[in-house]
Amino acid sequence: MGKLYVFDHPLIQHKLTYIRDKKTGTKEFREIVDELAALMAFEITRNLPLEEVEVETPVSIAKSNVLAGKKLGIIPILRAGLGMVDGILKLIPTAKVGHVGLYRDPETLQPVEYYVKLPSDINERELIVVDPMLATGGSAIEAIHSLKKRGAVNIKFMCIIAAPEGIEALQKAHDDVEIYVAGLDEKLNEKGYIVPGLGDAGDRLFGTK
Ligand code: PRP
Ligand code: URA
(Lines give C-alpha, C1' and ligand atoms only; values in the text may rest on other atoms or scores of the structure.)
(Ligands and ions follow the chains in the order given, each with its own letter.)
Protein backbone atom coordinates (compact mmCIF):
# COMPACT_ATOMS: atom_id res chain seq x y z
CA MET A 1 0.00 0.00 0.00
CA GLY A 2 1.26 3.51 -0.86
CA LYS A 3 2.50 5.13 2.34
CA LEU A 4 0.71 8.21 3.69
CA TYR A 5 2.70 11.11 5.18
CA VAL A 6 1.06 14.06 6.91
CA PHE A 7 3.17 17.24 7.03
CA ASP A 8 3.02 18.25 10.67
CA HIS A 9 5.41 21.22 10.40
CA PRO A 10 3.93 24.12 12.42
CA LEU A 11 4.34 26.61 9.54
CA ILE A 12 2.45 24.30 7.20
CA GLN A 13 -0.33 23.76 9.71
CA HIS A 14 -0.54 27.51 10.42
CA LYS A 15 -0.82 28.50 6.76
CA LEU A 16 -3.35 25.76 6.09
CA THR A 17 -5.69 27.38 8.61
CA TYR A 18 -5.65 30.65 6.66
CA ILE A 19 -6.57 29.10 3.30
CA ARG A 20 -9.43 27.19 4.91
CA ASP A 21 -10.94 30.50 6.04
CA LYS A 22 -13.70 31.58 3.65
CA LYS A 23 -12.81 35.23 4.33
CA THR A 24 -9.37 34.78 2.73
CA GLY A 25 -9.52 36.46 -0.70
CA THR A 26 -8.00 35.32 -3.99
CA LYS A 27 -4.73 37.24 -3.73
CA GLU A 28 -3.92 36.01 -0.25
CA PHE A 29 -5.18 32.49 -1.00
CA ARG A 30 -2.85 32.26 -4.01
CA GLU A 31 0.12 33.58 -2.02
CA ILE A 32 -0.41 31.12 0.81
CA VAL A 33 -0.84 28.15 -1.56
CA ASP A 34 2.47 29.19 -3.12
CA GLU A 35 4.17 29.33 0.29
CA LEU A 36 2.64 26.04 1.37
CA ALA A 37 3.83 24.33 -1.80
CA ALA A 38 7.38 25.54 -1.13
CA LEU A 39 7.30 24.33 2.47
CA MET A 40 5.88 20.98 1.40
CA ALA A 41 8.55 20.67 -1.30
CA PHE A 42 11.17 21.33 1.37
CA GLU A 43 9.81 18.43 3.41
CA ILE A 44 9.27 16.00 0.52
CA THR A 45 12.84 16.42 -0.75
CA ARG A 46 14.58 15.76 2.57
CA ASN A 47 15.86 12.35 1.40
CA LEU A 48 17.25 13.37 -1.98
CA PRO A 49 20.70 11.84 -2.48
CA LEU A 50 23.79 14.04 -2.12
CA GLU A 51 27.30 13.76 -3.48
CA GLU A 52 30.47 15.34 -2.18
CA VAL A 53 32.29 17.97 -4.24
CA GLU A 54 35.17 20.32 -3.58
CA VAL A 55 34.60 24.05 -3.58
CA GLU A 56 37.16 26.80 -3.19
CA THR A 57 36.13 29.21 -0.46
CA PRO A 58 37.95 32.55 0.07
CA VAL A 59 39.93 30.71 2.78
CA SER A 60 40.64 27.16 1.55
CA ILE A 61 39.17 24.12 -0.19
CA ALA A 62 35.99 22.74 1.38
CA LYS A 63 34.47 19.32 0.84
CA SER A 64 30.79 20.01 0.56
CA ASN A 65 27.59 18.37 -0.70
CA VAL A 66 25.42 18.99 -3.74
CA LEU A 67 22.35 17.14 -5.01
CA ALA A 68 23.44 13.99 -6.81
CA GLY A 69 21.90 14.91 -10.14
CA LYS A 70 18.52 13.36 -9.37
CA LYS A 71 16.12 14.28 -12.15
CA LEU A 72 12.87 15.63 -10.82
CA GLY A 73 9.58 16.42 -12.51
CA ILE A 74 6.64 18.39 -11.17
CA ILE A 75 3.27 17.42 -12.61
CA PRO A 76 0.44 19.79 -11.68
CA ILE A 77 -3.07 18.54 -12.34
CA LEU A 78 -4.77 21.45 -14.12
CA ARG A 79 -5.99 23.70 -13.18
CA ALA A 80 -5.71 24.02 -9.40
CA GLY A 81 -2.35 22.21 -9.33
CA LEU A 82 -0.86 25.18 -11.20
CA GLY A 83 -1.10 27.18 -7.98
CA MET A 84 1.55 24.94 -6.42
CA VAL A 85 4.15 24.98 -9.20
CA ASP A 86 5.99 28.27 -8.62
CA GLY A 87 6.42 27.60 -4.91
CA ILE A 88 8.11 24.28 -5.68
CA LEU A 89 10.25 25.74 -8.46
CA LYS A 90 11.59 28.38 -6.06
CA LEU A 91 13.32 25.51 -4.23
CA ILE A 92 13.96 23.19 -7.18
CA PRO A 93 14.43 25.51 -10.17
CA THR A 94 15.86 22.81 -12.43
CA ALA A 95 12.85 20.51 -12.15
CA LYS A 96 10.95 19.99 -15.39
CA VAL A 97 7.22 20.65 -15.37
CA GLY A 98 4.66 18.46 -17.12
CA HIS A 99 0.93 19.17 -17.24
CA VAL A 100 -2.06 16.89 -17.00
CA GLY A 101 -5.41 18.61 -17.60
CA LEU A 102 -8.40 17.03 -15.92
CA TYR A 103 -11.68 18.33 -14.66
CA ARG A 104 -14.17 16.59 -12.50
CA ASP A 105 -17.58 16.27 -14.15
CA PRO A 106 -19.88 17.93 -11.61
CA GLU A 107 -22.66 15.36 -12.20
CA THR A 108 -20.74 12.09 -12.26
CA LEU A 109 -17.66 13.32 -10.32
CA GLN A 110 -15.63 11.35 -12.90
CA PRO A 111 -12.38 12.94 -14.16
CA VAL A 112 -12.29 14.02 -17.82
CA GLU A 113 -8.81 14.36 -19.38
CA TYR A 114 -8.37 17.29 -21.78
CA TYR A 115 -4.62 17.97 -21.97
CA VAL A 116 -1.32 16.14 -21.42
CA LYS A 117 2.16 17.56 -22.07
CA LEU A 118 5.13 15.92 -20.37
CA PRO A 119 8.93 16.01 -20.39
CA SER A 120 10.18 13.44 -22.92
CA ASP A 121 12.21 11.53 -20.29
CA ILE A 122 9.53 11.01 -17.62
CA ASN A 123 10.60 7.37 -17.29
CA GLU A 124 13.95 8.58 -15.83
CA ARG A 125 12.49 11.20 -13.50
CA GLU A 126 11.21 11.18 -9.97
CA LEU A 127 7.79 12.77 -10.45
CA ILE A 128 5.78 14.72 -7.91
CA VAL A 129 2.14 15.01 -8.96
CA VAL A 130 0.57 18.06 -7.29
CA ASP A 131 -3.01 19.12 -6.74
CA PRO A 132 -4.32 21.07 -3.75
CA MET A 133 -7.27 18.68 -3.26
CA LEU A 134 -7.71 14.90 -3.12
CA ALA A 135 -11.46 14.33 -2.79
CA THR A 136 -12.85 11.12 -4.34
CA GLY A 137 -9.36 10.47 -5.68
CA GLY A 138 -10.65 10.16 -9.26
CA SER A 139 -8.50 12.96 -10.69
CA ALA A 140 -5.26 11.84 -9.02
CA ILE A 141 -5.86 8.20 -9.98
CA GLU A 142 -6.52 9.13 -13.61
CA ALA A 143 -3.55 11.53 -13.79
CA ILE A 144 -1.21 8.86 -12.42
CA HIS A 145 -2.64 6.28 -14.88
CA SER A 146 -1.95 8.74 -17.64
CA LEU A 147 1.69 9.15 -16.49
CA LYS A 148 2.27 5.41 -16.10
CA LYS A 149 0.78 4.78 -19.55
CA ARG A 150 3.50 7.09 -20.91
CA GLY A 151 6.33 5.37 -19.06
CA ALA A 152 6.53 7.00 -15.61
CA VAL A 153 7.70 4.62 -12.89
CA ASN A 154 8.66 6.77 -9.91
CA ILE A 155 5.74 8.86 -8.70
CA LYS A 156 4.78 10.68 -5.49
CA PHE A 157 1.49 12.51 -4.97
CA MET A 158 1.41 15.73 -2.94
CA CYS A 159 -1.75 17.63 -1.99
CA ILE A 160 -2.78 20.21 0.57
CA ILE A 161 -6.03 18.65 1.80
CA ALA A 162 -7.24 15.08 1.41
CA ALA A 163 -10.41 13.20 2.31
CA PRO A 164 -10.08 9.66 3.71
CA GLU A 165 -12.14 8.39 0.75
CA GLY A 166 -9.56 9.79 -1.70
CA ILE A 167 -6.60 8.39 0.21
CA GLU A 168 -8.16 4.94 0.27
CA ALA A 169 -9.05 4.99 -3.42
CA LEU A 170 -5.60 6.25 -4.45
CA GLN A 171 -3.80 3.69 -2.29
CA LYS A 172 -5.94 0.94 -3.82
CA ALA A 173 -5.41 2.09 -7.42
CA HIS A 174 -1.67 2.87 -7.17
CA ASP A 175 -0.07 1.04 -4.27
CA ASP A 176 3.42 2.13 -5.33
CA VAL A 177 2.68 5.86 -4.95
CA GLU A 178 3.54 7.64 -1.70
CA ILE A 179 0.99 10.25 -0.65
CA TYR A 180 1.94 13.50 1.10
CA VAL A 181 -0.75 15.74 2.61
CA ALA A 182 -0.88 18.80 4.85
CA GLY A 183 -4.43 18.25 6.13
CA LEU A 184 -6.31 14.99 6.45
CA ASP A 185 -9.98 15.92 6.70
CA GLU A 186 -13.12 14.23 7.91
CA LYS A 187 -15.15 13.18 4.87
CA LEU A 188 -16.77 14.11 1.56
CA ASN A 189 -20.21 15.70 1.39
CA GLU A 190 -22.97 14.65 -1.04
CA LYS A 191 -21.51 16.92 -3.74
CA GLY A 192 -18.04 15.38 -3.41
CA TYR A 193 -16.57 18.38 -1.55
CA ILE A 194 -14.12 17.81 1.26
CA VAL A 195 -15.52 18.56 4.73
CA PRO A 196 -14.40 20.88 6.26
CA GLY A 197 -11.91 21.43 3.39
CA LEU A 198 -11.54 24.87 1.85
CA GLY A 199 -14.18 24.86 -0.88
CA ASP A 200 -13.25 24.79 -4.56
CA ALA A 201 -9.49 25.24 -4.77
CA GLY A 202 -9.45 26.19 -8.47
CA ASP A 203 -12.14 28.84 -8.04
CA ARG A 204 -10.44 30.29 -4.97
CA LEU A 205 -7.05 30.41 -6.72
CA PHE A 206 -8.27 31.98 -9.92
CA GLY A 207 -11.24 34.01 -8.72
CA THR A 208 -13.81 32.09 -10.77
CA LYS A 209 -17.16 30.68 -9.65
C1 PRP B 1 -10.53 19.74 -8.25
C2 PRP B 1 -9.19 19.56 -7.59
C3 PRP B 1 -8.82 18.17 -8.00
C4 PRP B 1 -10.15 17.46 -8.04
C5 PRP B 1 -10.28 16.63 -6.79
O6 PRP B 1 -10.39 20.05 -9.58
O7 PRP B 1 -8.24 20.53 -7.96
O8 PRP B 1 -8.19 18.09 -9.27
O9 PRP B 1 -11.16 18.48 -8.04
O10 PRP B 1 -11.44 15.89 -6.83
P11 PRP B 1 -11.44 14.31 -6.98
O12 PRP B 1 -10.43 13.78 -6.04
O13 PRP B 1 -12.85 13.93 -6.57
O14 PRP B 1 -11.16 13.96 -8.40
P15 PRP B 1 -11.63 20.44 -10.52
O16 PRP B 1 -12.18 19.23 -11.18
O17 PRP B 1 -12.59 21.28 -9.73
O18 PRP B 1 -10.95 21.27 -11.66
P19 PRP B 1 -10.15 22.65 -11.59
O20 PRP B 1 -8.81 22.34 -10.99
O21 PRP B 1 -10.06 23.01 -13.01
O22 PRP B 1 -10.93 23.63 -10.77
N1 URA C 1 -12.22 19.84 -5.47
C2 URA C 1 -12.06 20.98 -4.75
O3 URA C 1 -11.51 21.98 -5.25
N4 URA C 1 -12.53 20.99 -3.50
C5 URA C 1 -13.13 19.93 -2.93
O6 URA C 1 -13.53 20.02 -1.76
C7 URA C 1 -13.28 18.76 -3.70
C8 URA C 1 -12.79 18.75 -4.97
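Residues numbered from 1 in each chain as written. Chains lettered and ligands numbered in written order. Predicted model: local features only at pLDDT ≥ 70, side-chain atom pairs only at ≥ 80, totals over all residues. Heavy atoms only, no water.

Trainee: How should the UniProt feature "binding site: 5-phospho-alpha-D-ribose 1-diphosphate" (unreviewed entry) in the protein chain be read in this particular structure?
Mentor: As annotated in UniProt, the feature "binding site: 5-phospho-alpha-D-ribose 1-diphosphate" (unreviewed entry) corresponds to Arg79, Arg104, Asp131, Pro132, Met133, Leu134, Ala135, Thr136, Gly137, Gly138, Ser139 and Asp200 in the numbering used here. Among the residues just listed, Arg79, Arg104, Asp131, Met133, Leu134, Ala135, Thr136, Gly137, Gly138, Ser139 and Asp200 line the largest pocket. With respect to the helices and strands, the residue Leu134 is situated in strand S9 (residues 133-134). A relative accessible area of 1% places Leu134 in the buried class. With near-sequence residues (within four places) excluded, Leu134 lies in contact with Ala140, Phe157, Cys159, Ile161, Ala162, Ala163, Gly166, Ile167, Leu170 and Ile194. Position of Gly138 among the secondary structure elements: in helix H4 (residues 138-149). Residue Gly138 is classed as buried on the basis of its relative accessible area of 18%. (UniProt positions renumbered as here; feature names shortened; annotations may be inferred. 1 Å grid on protein atoms, 1.4 Å probe; cavity = no way out; pocket = protein on both sides within 12 Å on 5 of 7 lines; lining within 4 Å. Helix = DSSP H or I, 4+ residues; strand = E, 2+ residues; numbered from the N terminus. Buried < 20%, exposed > 50% of the residue type's maximum accessible area, 1.4 Å probe, protein only. Contact = heavy atoms within 4.5 Å.)

Trainee: Help me out: how do you make sense of the environment of Val112 in this one?
Mentor: Among the secondary structure elements, Val112 is positioned in strand S7 (residues 111-117). The partly exposed category is assigned to Val112, whose relative accessible area is 30%. Spatially, the C-alpha atom of Val112 lies 8.3 Å from that of Gly101, the residues being 11 residues apart in sequence. In contact with Val112, not counting residues within four places along its chain, are Gly101, Leu102, Tyr103 and Asp105.

Trainee: Would you explain the packing of aromatic side chains in this entry?
Mentor: Two descriptors summarise a pair of aromatic rings, namely the distance from one centre to the other and the angle between the planes of the rings. The tally for this structure, following the rule as stated, stands at 3 aromatic pairs. Taking the centre distance of 5.8 Å and the plane angle of 25 degrees together, the rings of Phe7 and Tyr180 count as stacked. Separated by 173 residues along the polypeptide, Phe7 in the loop between strand S1 (4-6) and helix H1 (10-20) and Tyr180 in strand S11 (residues 178-184) bring together distant segments of the chain. Considered together, Phe7 and Tyr180 belong to a single accessibility category, that of buried residues. Consider the rings of Tyr103 and Tyr114, whose centres lie 6.1 Å apart with planes at 35 degrees: the pair is tilted. Of this pair, Tyr103 sits in strand S6 (residues 99-104) while Tyr114 sits in strand S7, and the two are 11 residues apart along the sequence. A relative accessible area of 46% places Tyr114 in the partly exposed class. An aromatic cluster of at least three residues, connected via ring pairs, comprises Tyr5, Phe7 and Tyr180. One Lys or Arg, Arg104, reaches over the ring of Tyr193 and ends 5.9 Å from the middle of that ring. (Phe/Tyr/Trp six-rings, centres within 6.5 Å; stacked < 30°, edge-to-face > 60°. Lys NZ or Arg CZ within 6 Å of the ring centre and 35° of its normal.)

Trainee: Honestly, the site of ligand 2 in this entry has me stumped. Any pointers?
Mentor: Every residue close to ligand 2 is listed here: Arg104, Met133, Ala135, Gly192, Tyr193, Ile194, Gly199, Asp200 and Ala201. The contact in question runs from an oxygen atom of ligand 2 to an N or O atom on the backbone of Ile194, over 2.8 Å. For ligand 2, the accessible surface in isolation is 240 Å², of which the surrounding protein chains cover 88%. In a pocket analysis with a 2 Å cut-off to the grid points, ligand 2 is assigned to the largest pocket. Taken together, the residues of the shell around ligand 2 sort by class into 5 nonpolar, 2 polar and 2 charged. (Near = heavy atom within 4 Å. Polar contact = N/O pair within 3.5 Å; in protein donor to acceptor, adjacent residues only side chain to side chain. Areas by Shrake-Rupley, 256 points an atom, 1.4 Å probe, with all protein chains shown as cover. Sits in = over half its atoms within 2 Å of the grid points. Nonpolar A, V, L, I, M, F, W, Y, C, P; charged D, E, K, R; others polar.)

Trainee: Just checking my understanding: could you explain the nonpolar core for this structure?
Mentor: Nonpolar side chains tend to gather and get buried jointly when the protein is soluble and globular. Counting residues in hydrophobic clusters, the biggest one holds 36 residues, and the most contacted among them are Ile19, Met40, Met84, Ile88, Met158 and Ile160. Element by element, the count of residues in this core is highest for helix H2 (residues 26-44), at 9 residues. Not counting residues within four places of it along the chain, the set of residues in contact with Met158 comprises Phe7, Ala37, Met40, Ala41, Ile44, Met84, Ile88, Ile128, Val129, Val130, Asp131 and Tyr180. Ranked by size, the runner-up nonpolar core spans 24 residues in total, among them Ala140, Ile155, Ala162 and Ile179. (Core = buried A, V, L, I, M, F, W, Y, C linked by side-chain atoms within 4.5 Å.)

Trainee: Quick question: what am I supposed to make of the site of ligand 1 here?
Mentor: Neighbouring ligand 1 are 15 residues; Arg104, Asp131, Thr136, Gly137 and Ser139 lie closest to it. Contact distances for ligand 1 include 3.0 Å between an oxygen atom and a backbone N or O atom of Arg79. In the complex, 90% of the free accessible area of ligand 1, which totals 500 Å², lies under the protein chains. When each cavity is represented as a set of grid points, ligand 1 is found to reside in the largest pocket. For the shell around ligand 1, the secondary-structure elements that each account for two or more residues are S6, S9 and H4. Each residue belonging to the shell around ligand 1 can be placed in one class, and the counts come to 6 nonpolar, 5 polar and 4 charged.

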